[in-house]
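Each chain is listed here by its residues.
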Amino acid sequence: MIRKAVIPAAGFGTRFLPATKSQPKEMLPVIDRPVIQYVVEEAAASGITDILIVTGRGKQAIENHFDRAVELEIELERAGKENQLKELRRLAEMAEVHYIRQGDMRGLGAAVATARQHVGDEPFVVLLGDTILDSEGGVPATRLLVDAYNGVKASVVGLEVVDRSRSVRFGMVEPGGEADADGNIPVRRVVEKPYPARSPSELALVGRYVFDAVVFEILEKELAASDAPMDLSGAINELATRGKLYGRVVEGRRYDIGERMDYVEAVFRLGMRREDIAPELGKLIKQLAREIEDAGQGGR
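Figured I'd write up the structure that's included with this text. Given the structure is predicted, the values throughout are model-derived calculations rather than measurements.

Definitions and cut-offs
- Residues numbered from 1 in each chain as written.
- Predicted model: local features only at pLDDT ≥ 70, side-chain atom pairs only at ≥ 80, totals over all residues.
- Heavy atoms only, no water.
- Helix = DSSP H or I, 4+ residues; strand = E, 2+ residues; numbered from the N terminus.
- Rg over C-alpha atoms; globule rule 2.2 N^0.38 Å.
- Buried < 20%, exposed > 50% of the residue type's maximum accessible area, 1.4 Å probe, protein only.
- Contact = heavy atoms within 4.5 Å.
- Areas by Shrake-Rupley, 256 points an atom, 1.4 Å probe, with all protein chains shown as cover.
- 1 Å grid on protein atoms, 1.4 Å probe; cavity = no way out; pocket = protein on both sides within 12 Å on 5 of 7 lines; lining within 4 Å.
- Points joined across faces, edges and corners; volume = space filled by probe spheres on them.
- Nonpolar A, V, L, I, M, F, W, Y, C, P; charged D, E, K, R; others polar.
- Core = buried A, V, L, I, M, F, W, Y, C linked by side-chain atoms within 4.5 Å.
- Salt bridge = Lys/Arg side-chain N within 4 Å of Asp/Glu carboxyl O.
- Axes fitted to C-alpha atoms, helices over the stretch in contact; angles between N-to-C directions.
- Parallel < 35°, antiparallel > 145°, perpendicular 65-115°, else oblique.
- Left-handed = near helix turned anticlockwise from the far one by under 90°.
- Polar contact = N/O pair within 3.5 Å; in protein donor to acceptor, adjacent residues only side chain to side chain.
- Phe/Tyr/Trp six-rings, centres within 6.5 Å; stacked < 30°, edge-to-face > 60°.

What follows covers the overall build of the chain. What the chain contains, in helices and strands, is eleven helices and 13 strands. Relative to a compact globule of 300 residues, whose C-alpha radius of gyration would be 19 Å, the chain shows 20 Å and is just as compact. Here the chain holds 300 residues, and 46% of them are scored as buried. Sequence-distant contacts, at least 24 apart, represent 77% of the contacts inside the chain between residues at least 6 apart. Accessible surface, the chain: about 15,200 Å² in total, of which carbon and sulfur atoms supply 50%.

Here it is as structure tokens:
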């Protein structure tokens, strides 16, 4: 059983400046939960019990969020706010959460490499800390990939189907054959953010991975060979070359919170799935639609 996860959350968040100048991108609220809480909840719902979050300078808010806040809990208990108190305590009990700092900001691959001592020789999950994958009531993406790993006994990357015109935003996968009966697709290679004409398929990485521990050897070899920033695509391609990599299309919607419109869409769509605010939010959306329509008619 895979029980450990690594969540890289050390980046500067430059795509969302100036909001991320003084707060971690992973702590941006989507309704009333920060982005990284959705990620940790997905991991916990998938059977992960041990989580290592890779942070950087100025990211203490992430650690504080998953820590106990005894004084606040006492105040909530005194005020009779049981629901809020229950939610705060749940945060600290979802999983055993650990932290390590990525001192040298050399990219996603380097961030994952820092987890070697914590993970050891076990297979493990990687979930990007700025990406929400909403399974919309289905099987969580991480659970799906863990089950796929248990079936193929090899590393598995999560995939989604995207229009080729959007390929410059993603790592795009070239399949190495047809999917098996369970939907597992052999992966030949990954092309990082290609122009649409050069994209090998419409299958994009979604920021969820299950790796064998051998990936650490590959990453450390790459780190020793160059001082340049290092993504995960080189290690993924090495696994593919060895014939030990599969892809699996996951269910639900992906929101890359580093993209402004993904963030806005996440607020609206996830809000509409909340019983406490969906009625009012639905009215607001209809009102906005009427105002846009009226403005368009007035312009003709």
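This part takes up the layout of surface pockets. The computed volume of the largest pocket comes to approximately 930 Å³. Only α5 (108–113), β11 (203–211), α9 (233–241) and β13 (253–256) provide two or more residues apiece to the lining of the largest pocket. At four residues, β11 tops the list of elements feeding residues into the lining of the largest pocket. Partitioned by chemical class, the residues of the lining of the largest pocket number 17 nonpolar, nine polar and twelve charged. Of the pockets and cavities examined, the second largest pocket occupies roughly 390 Å³.

If you look at the biggest cluster of nonpolar residues, it comprises 35 residues, and the most contacted ones within it are Phe124, Val157, Leu205, Tyr209, Phe211, Leu219 and Ile236. Counting residues per element, the ones that place at least two in this core are β4 (50–55), α5, β6 (124–127), β8 (155–161), β10 (184–192), β11, α8 (214–225) and α9. Element by element, the count of residues in this core is highest for α8, at five residues. Excluding anything up to four places from it in sequence, Phe211 contacts Pro123, Phe124, Val126, Ser155, Leu232, Ile236 and Leu239. By size, the runner-up hydrophobic cluster in this structure holds 32 residues, among which are Ala5, Ala95, Val146 and Val152.

To continue, consider the pattern of salt bridges. Counted under the stated rule, the structure contains 27 salt bridges. In this structure, Arg269 engages Glu265 in a salt bridge whose closest nitrogen and oxygen atoms are separated by 2.7 Å. Taken together, the residues span about one helical turn, with Arg269 and Glu265 both in helix α10 (residues 260–271) at a distance of four residues. Under the relative-accessibility criterion, Glu265 is labelled partly exposed at 30%. In this structure, Arg274 engages Asp276 in a salt bridge whose closest nitrogen and oxygen atoms are separated by 2.9 Å. Residues joined in a network through salt bridges with shared partners are Arg15, Lys25, Asp130, Asp256 and Glu259.

All right, on to the packing of helix α3 (residues 70–78) against helix α4 (residues 82–93) then. The geometry of α3 relative to α4 is characterised by a closest axis approach of 8 Å and an angle of 155 degrees between their N-to-C directions. Taken together, the axes of α3 and α4 are roughly antiparallel relative to one another. As α3 runs across α4, the sense of the crossing is left-handed. Where α3 abuts α4, its residues Leu72, Glu73, Leu76 and Glu77 lie against Gln84, Leu85, Leu88 and Arg89. Of the residues belonging to the contact of α3 with α4, the class tally is four nonpolar, one polar and three charged.

With respect to the helices and strands, Arg254 occurs in strand β13. Take Arg254: its relative accessible area is 13%, and that puts it in the buried class. Among the polar contacts made by the side chain of Arg254, one reaches the side chain of Glu160 at a distance of 2.6 Å. Reaching out from Arg254, the side chain makes a polar contact with the backbone oxygen of Leu205 at a distance of 2.8 Å. Look past the residues within four positions of Arg254 in its chain and what remains in contact with it is Thr131, Ile132, Leu133, Glu160, Phe170, Ala204, Leu205, Val206, Gly207 and Asp262.

Another point: the packing of α8 against α9. Remark: α8 packs on α9, axes separated minimally by 9 Å, with the N-to-C direction vectors making an angle of 125 degrees. The angle between α8 and α9 falls in the class oblique. The two elements α8 and α9 meet at a crossing, and its hand is right-handed. Taken together, the residues of α9 that come into contact with α8 (itself represented by Val214, Val215, Ile218, Leu219 and Glu222) are Gly234, Ala235, Glu238 and Leu239. Of the residues that constitute the contact of α8 with α9, the class distribution is six nonpolar, one polar and two charged.

Tallied over the full model, the rule gives four aromatic pairs. Summarising the aromatic geometry, the rings of Phe124 and Phe216 are spaced 4.9 Å apart at their centres and angled 5 degrees between planes, so their arrangement reads as stacked. Of this pair, Phe124 sits in strand β6 while Phe216 sits in helix α8, and the two are 92 residues apart along the sequence. The pair formed by Phe124 and Phe216 is uniform in burial state, with each residue classed as buried. An aromatic cluster of at least three residues, connected via ring pairs, comprises Phe124, Tyr209, Phe211 and Phe216.

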